[in-house]
Structures are given as structure tokens and as C-alpha cells.
Amino acid sequence: MSPSTLTNPLNERLLRSVGVAPDEAEPADLMQAVAQLARPELSERWVETQAAERTAKSRRIYYLSMEFLIGRTLGNALDALGLRSDAAEAVMEHAHRLEDVAEHEADAALGNGGLGRLAACFLDSMATLGLPSFGYGIRYEYGMFAQDIVQGRQVEHPDPWLADGSPWEFPRVGIGYPVRFGGWVEQHGPNGDEVVWRPGGEVLAKAYDMVIPGHGTRKVSTLRLWRATAPAHIDLHAFNSGDYARAAEVKNEFENVSWVLYPNDSTPAGRELRLRQEYFFVSASIQDIVTRHGAEHGRLDNLADKVAIHLNDTHPAIAIAELMRLLVDAHRMPWRSAWALCRKVFSYTNHTLMPEALETWPVALMQHVLPRHLQIIFRINHEFLLEAAQHRPGDAEFLRRLSLIDESGERRVRMAHLSIVGSHKVNGVSALHSELLVKTIFADFASLWPERFVNVTNGITPRRWLAQANPGLATLLDGALSGNWRLDLDRLRGLKAHASDAAFREAFAGVKRGNKARLATHIELHTGVRLDPSSLFDVQVKRIHEYKRQLLNVLHVVTRYQAILADPQGSWVPRSVVFAGKAASSYHMAKQIIRLIHDVAAVINNDVRVGGRLRVAFVPNYGVSVAELIMPGADLSEQISTAGTEASGTGNMKLALNGALTIGTDD
Ligand code: 26V
């Protein structure tokens, strides 16, 4: 066997970057070294893409999201750069498999679930399509908690994903913006329209980039994440006086803004720190966008021709007030011109119909944290309600429902209303969800502006969820299809021609069987439950929520168990029911459902009478990397949420793409 073209470069990276002798390298060292091989090429592509976009004066899409559930990067980077097979060979010369080496990378789990993973899939697709694009978010020191199961109960552990450093980060030393909070607002000038905000505090947002490579192109996208630090002018004088505890406290007060991802709990977050997080990353991002625009165009009146800012749910909605503040207060643009620009720049995606998940903030809290923004929101609301009143004169109830301020109890700012009023397009995430949006929670807005509401059905990237997660199926498809399905998924239609081809079907079944064996190995290792790969793998994987009805599924398991006991001679297809998902830490009912699944599993898995016809497993710590193992090994995909409640679902698509059949409610 001749050595891989990457053998020498890999050994050189081990020696010169990682700091280990090549013949002593452990898998974790190899992971670092392979990443170091990919990194310079990513860097070059980033520089090239930025230069091309600057020269072309391209319009860019800026995707603002509190969450990006990226998972691991190594396999994706190698695929995008065309380095996978060479890297695998070079690693093999150290007697390790690339898959095992890749497992030493921590997941970047900077998201809760569907909303965050959607953002990550969009980045991959925007890069692959060559769309000039940036994702903006927060560089949380701690991502989504890690889930452990102890005696059937969920136990949460912190996720220090950056503890060993990330090989994929590019700290942008020169890029930082002050983000200010609190204080008061002064009004000067004859009409009081010269507004000066005197903030009470400030943090510095520092940029850390992750390069998102496109597939089949040299184009890349950028994920720019902000980290909160103390501004340089803050004199940590406690250090000088030797009071290190006090100095650490001061440092923490600044840095805690980007400390940890908020879990989406059963009750909407009412915490001040969460509002500070939202404003922190929005303000840094808007400043960055306006600065870049200024450098490229030297004027602001064409902002909407060059900048499209997308709000991933309402979490970044304060961006609307922040852009108004920058244009009006800092750049002295007339309110009307600024507002016209704003509405053209922003668009907003809604991800849920559940009223309890719609974000609102107490007016008093916003007054305390963002007094100038509250003032701007009040003015937007005032002008909006004047406009709305013309549509239905005298209908005070209509205006009360539309208002950006909920006056029914403690006054609260309705972030969805702000997002709709400040955007030119609002979308739901599936045909049914978009239809329900305009018929239910946003009906009043749709009566004002029907053309503003559109549908954009969610999707997933086939690069990660088929090519990388399921190499066996990918190889089979490569042999059976013309063209590149990785870049044009409609090519899968070509499979129809193979539907009755016995050899193809056998090969397909063989791939599925192998994936089920791989999944069974993982499950036995992590739970002790042994599943038979020849049984039907019946899979429900998603966050634990009452509306998603894991409870219904586990009751079906109990029913089936009793039916098997009642009819032991029946022709039962052996079935393995696989659950996975995290419960929000304060969501008691969801945690009880996890316990119930474990209790039911303990009874059934230990009942000799069942004789392998039914097994139940709960795979701990569901996340991107665990999903990459589960999706290819599923036969049956459980999509049984109460009809009309799951906005879109995206796990459903990953399971379908890997050849599982969907069983689901009508939608
Ligand atoms: C939902 C709920 C439901 C009631 C209890 C509290 C609570 C908290 C958060 C959420 C979901 C927040 C937004 C979200 O992640 N939505 C998901 O977005 C996916 C991408 O569009 C979509 O596929 C999922 O259907 C949707 O649940």
C-alpha cells in the first residue's frame, strides 16, 4: 500500500502544531491534527469569498439566531474540501479509523432543538449555493446541557464544549463592538428630538468566526459568534489591590452575558440575563453590518439594497429597534426614512403556534435594561396603531389585539408583533403551519397586510444527514443515480426506476441492516439494552414535550406488551422501540415521561415471556451526533404530535431521507 498524500502533512501537523510525536499520537491528537490540515484551506476560501463579495458589492443575507446547533465539523469539512479519503488513509496508518478519531471532537451544541438545527442546515445550504451570507449568534461558553440517565431519571451536566479549545474557531482580534445597557434617555433641542441615551453599563462583544464550507464550490459562509468581555477601559483595580475574588466577580459580571445557552423551558424565560443576551448579540451584529456597509458603500440610503437581515424567531427582534436607534440617533437619519429602510431590511420566521411559547418582555424590565429601545418601540407602536385604525375606524378591540404592548395585566412588549410590524415578509415553516398562522395567532395582522405572510417549508442539508451520516446508503445512491444528489436532491427521483430491482433492494436492505447493527452497538454500550438488528426499529427522537406525545407512544408500547402476553402464539413482528430526547430542566411533566419510558422499558426488557418480540431503549444525550447514528438505523419514524401543533418538524425529514417510513398524525 502506498502512503496517503496526507501522511506526511498529518505527521508534520502532529509534530509542529499539536505537539506530539507522530508514533505516539492518540486518537484525540489525530483529530486535532486532521483539523489543522483542513484549517488553512478553509482560511484561504474565506479570504477569497470575502474579497469576491466585496468586489461584487453583493447583497448579503444576515441570519440572526440565538441558536446554531452545528454538531461536529471535522467530517463535514473533509467532505467539503474533498479530503475525506486521503485523511482516512493517513489516519489508518496510525492504526485508527477516521470515524473513531472524529468522535473526539465535542459537538458545538449551541441550540435547543429544531430551531437551532435549522439555522445550522441553512448555513450549509447558503454556503453550498454560494449565497453571500453571515450567520450571527452567541459564542456560549456552555452549550446545551449533556443528559445523563441515573435510575431512569434525567440528570443534567454542563457542556464545556470549549474546554479543550475548538480547532475551528478564528478569533477576529480586531473586531469588537461596545454594547451598552441601562441608564436613562435625555431629550435635547427645541423640539426635544435630539435624543441622547446615557447608558449605565457596557460590555465588549468580541468576534469569533467559524468558516462554513460550501460543497461543490470554493464559496464559504461565515458564522460569526460574539463573546462578552470587559471593555478595555474598565480598570480592574481590584487586581492591583490584590483582591482577586472581587476582580473575578467584576470580570464575571461582564462575561456572564455569553456564559450559557438558555434551555427553552416550559415557561417563557423571564430572566433579565436572557434579555441582555438577546440585545448583546443583536447590537454587535447590527453594528458589524452597518460598519461593513459603510466601508463598502460609504452611504446608508441604499442599505436595503445590500442588506437582508433575517430574524430566526423573535429572539433577535430587538434588532428592529437597534437599527432604528443607530440610523436615527447615531447617523441622524430622519425617522421616516429610517423606518422605510428597516421594513425593507428585516424578515421574520415564526416557529411555533403555542401561545405560551410566544415571547413577551415586561415593559418595566425593558425600561430598566434598554430605555432608549423601549422609547423607539413605543413610537413604532404609536404610528402603527394610527395606520391600523384607518383600516377599522372605531374598533378599539382590534387595536388592543394588534398593539405591540399587551396591556391586559403587567404591561409587556409582544416581540412577535414588533417582528411583524418591522418586517416585509413573515413566514411559517410548513404549508399547514403558515396557513394556521394567518388563520389564528396572526389573523389580525394578515387582515391588514395579507401579502406579508408567506410559507417557506423547512428543509435539511442532505450533505450532513445523508452523505455523512449514512455512507453506506450514499455509496449505493452514487452507483444507482446520475448526477450529484448531494447538490440536487431531486435526483433521488431516479430511485423509482430501481424500486423493483431485486439486487438494489437487497443492497438497500443490507445497508439498513448494517446501520441498525451500528446503532444497536451504541445503545448497548450506553444503556446496556441489547437490541436485535433484525427487529423493526421504531424510532421517536425529539425534545420531550407533551404536544409531541412521547406519552402516547409509550402507552402504545404498554398496549403491545399486554397484547403479546395475551396472544403469545400471534405472528408478532419483533419490534425495538427507540426513544431519545432531552427534557427542559424545569419541565416536570417531560421529566416524568422520561422516567415512565425507563420504567416501562425495565418491565418489558426483563420479562422472559416477551421473548425478544418487544424491546424498549432510551438513548441518552440526544443531539446532532447521536442523531447522526439514529437516523440511518430507523425503520419507522414516529411523527405523532397532536395534529396542527408541530410547526414543521425536521427530524421527520432526516428519518425519511434515510429510508424510514413515517407514521404520523394527519398533518
Ligand atoms: C415550543 C414550546 C411549546 C410549549 C411549551 C414551551 C415551548 C417552548 C419552545 C417551543 C419551541 C420554540 C421554537 C422551536 O424550536 N420550534 C421548532 O422549530 C422547528 C424549525 O422551524 C420546527 O421544525 C418545529 O416544528 C418547531 O417546534
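Residues numbered from 1 in each chain as written. Predicted model: local features only at pLDDT ≥ 70, side-chain atom pairs only at ≥ 80, totals over all residues. Heavy atoms only, no water.

Draft legend 1. Representation of the overall build of the protein in the model. For the protein, the helix and strand inventory stands at 25 helices and 23 strands. Counting only C-alpha atoms and orienting by the principal axes, one finds that the protein spans roughly 90 × 65 × 60 Å. Every one of the 667 residues in the protein was classed for burial, and the buried ones make up 54%. Residue pairs at least 24 apart in sequence account for 75% of intrachain contacts in the protein once pairs closer than 6 positions are excluded. As displayed, the protein offers around 28,500 Å² of accessible surface, 54% of which is attributable to carbon and sulfur atoms. (Helix = DSSP H or I, 4+ residues; strand = E, 2+ residues; numbered from the N terminus. Buried < 20%, exposed > 50% of the residue type's maximum accessible area, 1.4 Å probe, protein only. Contact = heavy atoms within 4.5 Å. Areas by Shrake-Rupley, 256 points an atom, 1.4 Å probe, with all protein chains shown as cover.)

Draft legend 2. Spatial organisation of the sheet that holds strand 23 (residues 661-664). If you trace the 5 strands from one edge of the open sheet to the other, you get 21-20-19-22-23, paired in parallel fashion. Each having just a single partner strand, strand 21 (614-619) and strand 23 make up the two edges of the open sheet. Taking each pair of neighbouring strands and ignoring which way they run, the sheet shows an average axis angle of 25°. Where helix 21 (residues 502-527) meets the sheet, it contacts strand 19 (536-541), strand 20 (575-580) and strand 21, and its direction lies at approximately 70° from that of strand 21. (Pairing = 2+ DSSP bridges. Axes fitted to C-alpha atoms, helices over the stretch in contact; angles between N-to-C directions.)

Draft legend 3. Representation of the pairing of strand 6 (residues 153-157) within the structure. Alignment of strand 5 (residues 146-150) against strand 6, held across 5 bridges, turns out to be antiparallel. Residue pairing in the sheet places D148 in a bridge with V155 of strand 6.

Draft legend 4. Structural view of the sheet that holds strand 15 (residues 405-406). Read from one edge of the open sheet, 3 strands run 14-16-15, paired in antiparallel fashion. Only two strands of the sheet have a single neighbouring strand rather than two, namely strand 14 (360-362) and strand 15.

Draft legend 5. Region of the structure containing unusual backbone geometry. Even without a glycine there, the phi angle at K57 is positive, about 45°. Among the secondary structure elements, K57 is positioned in the loop between helix 2 (27-56) and strand 1 (60-64). The exposure class of K57 is partly exposed, given its relative accessible area of 38%. Phi at R549 is positive, roughly 65°, even though this residue is not glycine. For R549, the location among the structural elements is in the loop between strand 19 and helix 22 (550-566).

Draft legend 6. Representation of the packing of helix 2 against helix 3 (residues 74-81). Across the interface, helix 2 lies against helix 3 with an axial gap of 10 Å and an inter-helix angle of 50°. Considering the angle they form, helix 2 stands oblique to helix 3. Crossing of helix 2 against helix 3: the hand is left-handed. Here M31, V34, A35, A38, E41, L42 and R45 of helix 2 come into contact with helix 3, specifically with L74, L78, A80 and L81. (Parallel < 35°, antiparallel > 145°, perpendicular 65-115°, else oblique. Left-handed = near helix turned anticlockwise from the far one by under 90°.)

Draft legend 7. Representation of the nonpolar core within the structure. In this structure, F280, F346, M366 and F384 are the most contacted members of the largest nonpolar core, which totals 172 residues. Every residue in contact with F384, bar those within four places of it in the chain, is listed here: L402, L404, V421, F445, L448 and W449. V557, V577, A583 and V600 belong to the second-largest nonpolar core, a separate cluster that totals 21 residues. (Core = buried A, V, L, I, M, F, W, Y, C linked by side-chain atoms within 4.5 Å.)

Draft legend 8. Inspection of the site of the ligand at higher detail. Every one of the 18 residues lining the ligand counts as a neighbour, but H351, N458, E646, S648 and G649 are closest to it. Residue A647 places a main-chain N or O atom 3.3 Å away from an oxygen atom belonging to the ligand. For the ligand, whose accessible area on its own is 590 Å², the fraction buried by protein is 90%. Residues belonging to the shell around the ligand are distributed by class as follows: 7 nonpolar, 8 polar and 3 charged. (Near = heavy atom within 4 Å. Polar contact = N/O pair within 3.5 Å; in protein donor to acceptor, adjacent residues only side chain to side chain. Nonpolar A, V, L, I, M, F, W, Y, C, P; charged D, E, K, R; others polar.)

Draft legend 9. Spotlight on the pattern of salt bridges. Using the criterion set out here, one finds 43 salt bridges in the structure. A salt bridge links E41 to R45; the nearest nitrogen and oxygen atoms lie 2.9 Å apart. On the criterion of helical spacing, the pair formed by E41 and R45 is a turn pair, its members being 4 residues apart in helix 2. Salt bridges sharing common partners tie together R172, D209, R224, D288 and R292. (Salt bridge = Lys/Arg side-chain N within 4 Å of Asp/Glu carboxyl O.)

Draft legend 10. Spatial organisation of the packing of helix 11 (residues 318-330) against helix 12 (residues 335-345). Taken N-terminus to C-terminus, the directions of helix 11 and helix 12 make an angle of 145°; their axes are 10 Å apart at the nearest point. Crossing geometry of helix 11 relative to helix 12 is assigned as right-handed. Contacts between helix 11 and helix 12 involve I320, L323, M324, L327 and V328 from the first element and W335, A338, W339, L341, C342 and V345 from the second. The residue inventory of the contact of helix 11 with helix 12, partitioned by class, reads 11 nonpolar, no polar and no charged.

Draft legend 11. Structural context of helix 6 (residues 114-128). The end-to-end C-alpha distance of helix 6 is 21 Å, a good match for the 21 Å that 15 residues give at a rise of 1.5 Å each. Of all 15 residues in helix 6, 12 are buried; the element is thus mostly enclosed. Listed in full, the buried residues belonging to helix 6 are L115, G116, R117, L118, A119, A120, C121, L123, D124, M126, A127 and T128. G130 lies just past helix 6 and shows a positive phi near 70°. (Expected span 1.5 Å × (residues − 1).)

Draft legend 12. Representation of the confidence of the model for the protein within the structure. The predicted model of the protein has a mean per-residue pLDDT of 96, with 98% of residues at 70 or higher. Averaged pLDDT values over the elements of the protein bottom out at 65 in helix 7 (residues 237-240) and peak at 99 in strand 20. (pLDDT = per-residue confidence, 0-100.)

Draft legend 13. Structural view of the packing of aromatic side chains. Here the structure, examined in full by the defined rule, presents 12 aromatic pairs. When the centroid spacing of 5.7 Å and the interplanar angle of 80° are considered together, the rings of Y63 and F122 count as edge-to-face. Taken together, the residues span a long stretch of sequence, with Y63 in strand 1 and F122 in helix 6 at a distance of 59 residues. Of the residues examined, F122 reaches a relative accessible area of 28% and is grouped as partly exposed. With a centroid separation of 6.3 Å and 40° between ring planes, the pair formed by F442 and F453 is classed as tilted. (Phe/Tyr/Trp six-rings, centres within 6.5 Å; stacked < 30°, edge-to-face > 60°.)

Draft legend 14. Expanded view of the environment of D29. The topology assignment puts D29 in helix 2. Residue contacts for D29: discarding those within four places in its chain leaves L14, V18, V20 and E24.

Draft legend 15. Broad picture of the environment of A499. Summarising the element assignment, A499 is placed in the loop between helix 20 (471-480) and helix 21. A relative accessible area of 46% places A499 in the partly exposed class. Put simply, A499 and M210 are 289 residues apart on the chain and 41 Å apart in space, counted from C-alpha to C-alpha.

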